[in-house]
Amino acid sequence: MKVGIIGSGVVAQALGDGFVKHGHEVMLGTREPAKLADWTAKNPGSTVGSFAETAKFGALVILAVKGTVASEALRAAGAANFSGKTIIDAVNPIADAPPVNGVLKFFTNLDESLMEQLQREFPDARFVKAFNSVGSALMVNPKFAAGKPTMFICGNHDSAKKAVSEILDQFGWETADMGKAEAARAIEPLCMLWCIPGFLRNEWTHAFKLLN
Ligand SMILES: NC(=O)c1ccc[n+]([C@@H]2O[C@H](COP(=O)([O-])OP(=O)(O)OC[C@H]3O[C@@H](n4cnc5c(N)ncnc54)[C@H](OP(=O)(O)O)[C@@H]3O)[C@@H](O)[C@H]2O)c1
């Protein structure tokens, strides 16, 4: 599959590595292609483009930019270039203010998530929240003694969630579908919880698992 990843940071690069490893064709999107020279050298056959070129390239699109600019980045990508497409939204709405006692600050509130805002602004795209509740180093086929970790996902389009759960399967995760876009109000703050042991005790190697 052609996968367009809007972003150039650690998440975009880690997911890019994962999609290449699993045989997909990958383009990473950035405003500054030069910063991804090392990544393309490491991943022959992969390419780098603008946000718009990347959105157009992907049959599947991943959004992996800084939360405060998510909407701006999608506007630059051009809504027509991702209309009707599944967008894996790995973005967390982290505010620029520093964490307090290890707890990140968000610029959203518990009655409206960032993904809901994006889904409303770009109604023809099919957003699925995923990959936001774990560090980039653990996104692709993480190994835990307790078995597969759980990725919590949500979104308004069942076919898009099915496609994302197939990707998660490849990437070594079990999927817990939490329902429609509103569930992102609960899934986005999992990022806060995930980061607390990191900020307090420099522990960054865990993931969530839903037991039932
Ligand atoms: N770090 C993690 O382990 C982790 C884990 C889960 C989820 N997340 C979430 O995943 C997202 C990506 O995180 P990250 O750490 O890889 O990178 P990041 O530093 O949060 O974001 C880097 C990306 O944001 C873009 N960007 C920054 N300012 C911009 C602007 N004014 N206009 C347009 N684009 C702009 C950059 O574009 P250019 O390429 O053009 O510079 C770059 O692609 C974030 O929302 C983060 O909360 C992170």
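Everything numeric here is computed off the predicted structure, so don't read it as measured data.

Participant: Is there a simple way to explain the pattern of salt bridges in this structure?
Facilitator: Opposite charge on two side chains lets them pair, provided their charged atoms get close. Using the criterion set out here, one finds 13 salt bridges in the structure. Across the pair Glu-116 and Arg-185 runs a salt bridge, and its minimum N-O distance is 2.8 Å. Here Glu-116, found in helix H6 (residues 114-121), pairs with Arg-185, found in helix H8 (residues 184-187); they are 69 residues apart in sequence, far enough to count as distant. Its relative accessible area of 10% is what places Glu-116 among the buried residues. The exposure class of Arg-185 is partly exposed, given its relative accessible area of 28%. A salt bridge links Asp-177 to Lys-161; its shortest N-O distance comes to 3.1 Å.

Participant: Looking at this structure, I do not really get the side chain of Lys-85. What am I missing?
Facilitator: With respect to the helices and strands, Lys-85 occurs in the loop between helix H5 (79-82) and strand E5 (86-89). For the buried Lys-85, which has no salt bridge, the nearest side chain bearing the opposite charge is Glu-25, at an N-O separation of 13 Å. A polar side-chain atom of Lys-85 sits 2.8 Å from the main-chain carbonyl oxygen of Ala-55. A polar atom in the side chain of Lys-85 sits 2.8 Å from the backbone oxygen of Gly-58. Those residues in contact with Lys-85, other than ones at most four positions away along the chain, are Ala-55, Lys-56, Gly-58, Ala-59, Val-61, Asp-124, Ala-125 and Arg-126.

Participant: What's the story with the nonpolar core in this structure? I'm lost.
Facilitator: Generally speaking, soluble globular proteins have nonpolar side chains that are buried together. By size, the foremost hydrophobic cluster in this structure holds 63 residues, and its most contacted members are Ile-5, Ile-6, Phe-19, Leu-63, Leu-74, Phe-82 and Phe-131. Setting aside chain neighbours within four positions, we find Ile-6 in contact with Gly-29, Phe-51, Thr-54, Ala-55, Val-61, Ile-62, Leu-63, Ala-64, Val-65, Leu-74 and Ala-77.

Participant: Would you mind showing me how to read the site of the ligand here?
Facilitator: The ligand sits among 25 residues. The nearest are Ser-8, Thr-30, Arg-31, Lys-35 and Val-65. Within the backbone of Val-11, a nitrogen or oxygen atom sits 2.9 Å from an oxygen atom of the ligand. Calculation on the ligand without its partners gives an accessible area of 890 Å², and the protein chains cover 78% of this total. The class makeup of the residues in the shell around the ligand is 12 nonpolar, 9 polar and 4 charged.

Participant: Explain the pairing of strand E4 (residues 60-63) to me, please; I cannot follow it from the model alone.
Facilitator: Consecutive residues of a regular strand have side chains that alternate between opposite faces of the sheet. Neither face of E4 is left uncovered, since the one carrying Leu-60 and Ile-62 and the one carrying Val-61 and Leu-63 both have all their residues buried. Relative to E4, strand E1 (residues 2-6) runs parallel, the two sharing 4 bridges. Looking at the pairing, Ile-6 lines up with Leu-63 of E4.

Participant: Even after reading the chapter, I still don't get unusual backbone geometry, so can you show me in this structure?
Facilitator: Negative phi characterises most residues that are not glycine, and trans characterises most peptide bonds. One non-glycine residue, Asn-101, adopts positive backbone phi at about 50°. Looking at where Asn-101 falls in the secondary structure, it is placed in the loop between E5 and H6. One non-glycine residue with positive phi stands out, namely Asn-202, at about 55°. Examined against the element boundaries, Asn-202 turns out to sit in the segment after helix H9 (190-201).

Participant: Before we go on, may I ask you to explain the sheet that holds strand E3 (residues 47-49) in this structure?
Facilitator: Two orientations exist for strands paired in a sheet by backbone hydrogen bonds: parallel and antiparallel. Reading across the sheet, the 6 strands line up as E3-E2-E1-E4-E5-E6 and stay open at both edges, with parallel pairing between neighbours. The open sheet has two edge strands with one neighbour each: E3 and strand E6 (126-129). Across the sheet, the axes of successive neighbouring strands diverge by a mean angle of 25°, strand direction being ignored. The sheet contact formed by E5 and E6 spans 4 bridges and is parallel. Bridge assignment links Asp-89 to a residue of E6, and that residue is Lys-129. Contacts from helix H1 (residues 10-21) reach E1, strand E2 (25-29) and E4 within the one sheet, and its direction differs from that of E2 by about 170°.

What counts and how
Residues numbered from 1 in each chain as written. Predicted model: local features only at pLDDT ≥ 70, side-chain atom pairs only at ≥ 80, totals over all residues. Heavy atoms only, no water. Salt bridge = Lys/Arg side-chain N within 4 Å of Asp/Glu carboxyl O. Helix = DSSP H or I, 4+ residues; strand = E, 2+ residues; numbered from the N terminus. Buried < 20%, exposed > 50% of the residue type's maximum accessible area, 1.4 Å probe, protein only. Lys, Arg positive; Asp, Glu negative; His and termini not counted. Polar contact = N/O pair within 3.5 Å; in protein donor to acceptor, adjacent residues only side chain to side chain. Contact = heavy atoms within 4.5 Å. Core = buried A, V, L, I, M, F, W, Y, C linked by side-chain atoms within 4.5 Å. Near = heavy atom within 4 Å. Areas by Shrake-Rupley, 256 points an atom, 1.4 Å probe, with all protein chains shown as cover. Nonpolar A, V, L, I, M, F, W, Y, C, P; charged D, E, K, R; others polar. Pairing = 2+ DSSP bridges. Axes fitted to C-alpha atoms, helices over the stretch in contact; angles between N-to-C directions.

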